[in-house]
Amino acid sequence: MDMLARYEKLFKYDEWANREVTGGLRQASTVPARSLKLLAHILGTEYLWFYRLKKEKSAVAVWPEFSVMECERHCGLLAQTWSGYLTGLEARGLSATVEYKNTQGELWSSAVEDILTHVIMHSAYHRGQIASDMRNSGLLPVYTDFIHAVRQGLVK
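Conventions used here
Residues numbered from 1 in each chain as written. Predicted model: local features only at pLDDT ≥ 70, side-chain atom pairs only at ≥ 80, totals over all residues. Heavy atoms only, no water. Helix = DSSP H or I, 4+ residues; strand = E, 2+ residues; numbered from the N terminus. Expected span 1.5 Å × (residues − 1). Polar contact = N/O pair within 3.5 Å; in protein donor to acceptor, adjacent residues only side chain to side chain. Pairing = 2+ DSSP bridges. Salt bridge = Lys/Arg side-chain N within 4 Å of Asp/Glu carboxyl O. Buried < 20%, exposed > 50% of the residue type's maximum accessible area, 1.4 Å probe, protein only. Phe/Tyr/Trp six-rings, centres within 6.5 Å; stacked < 30°, edge-to-face > 60°.

**Brief notes about helix α1 (residues 3-27)**
Argument step 1. With 25 residues, α1 should cover 36 Å at 1.5 Å per step; its first-to-last C-alpha distance of 36 Å lies within 8% of that length.
Argument step 2. Residue Asp 2 occupies the N-cap position of α1, its side-chain oxygen lying 3.1 Å from the main-chain nitrogen of Leu 4.

Here it is, written out as structure tokens:
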């Protein structure tokens, strides 16, 4: 599998996992505030990195205040956004570097492939925090492991 196909698969997984978490929060008897805040942060950060790749300013905050329904809507929008971006990307574009300022205003430069990898890992990290928070709130978190999604044919 070439690298672009690998990233397409990873972003399909990311979409599935974000939707699973959103669905889990929708089903919860009471939505833990921290879990919702972390999910909104996942989505806000995905927008931030996408717009950094496009060398534009994100219209979405890094820590947006989304409802569960808004998270659901943004999951769909981000799926389309990342799919379109990856479809338009050529393999050689993965090694291109992008300059951007972080949230502290510091100037950085990163390879596109490193940014894409970061987006996936950052989201997975926070989904783990959401699972822990839901357990601590007496709720059963959804199962979002990558291998589970592949085994079940949910991500191809």
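Back to the write-up after that little detour.
**Focus on the pairing of strand β2 (residues 107-111)**
Argument step 1. Note: strand β1 (residues 97-101) against β2, 5 bridges, orientation antiparallel. Residue pairing in the sheet places Lys 101 in a bridge with Leu 107 of β2.
Argument step 2. Here β1 hands over to β2 after 5 residues, with Gly 105 in that stretch at a positive phi of 85°.

**Here we look at the pattern of salt bridges**
Side chains carrying opposite charge are able to pair once their charged atoms draw close together.
Argument step 1. Enumeration according to the criterion identifies 4 salt bridges in this entry.
Argument step 2. Across the pair Arg 127 and Asp 14 runs a salt bridge whose closest N-O atoms are separated by 3.0 Å. Placement of the pair is Arg 127 in helix α4 (residues 112-136) and Asp 14 in helix α1, with a sequence separation of 113 residues.
Argument step 3. Asp 14 sits in the buried class, given a relative accessible area of 2%.

**Regarding the packing of aromatic side chains**
Given two aromatic rings, one states the distance between the centres and the angle between the planes to describe the pair.
Argument step 1. Taken as a whole and assessed by the stated rule, the structure comprises 8 aromatic pairs.
Argument step 2. On the numbers, 6.0 Å between centres and 85° between planes, the contact of Phe 50 with Tyr 85 is edge-to-face. In this pair, Phe 50 is assigned in helix α2 (residues 33-53) and Tyr 85 in helix α3 (residues 68-88), connecting sequence segments 35 residues apart. You'll find Phe 50 and Tyr 85 in the same group, each marked buried.

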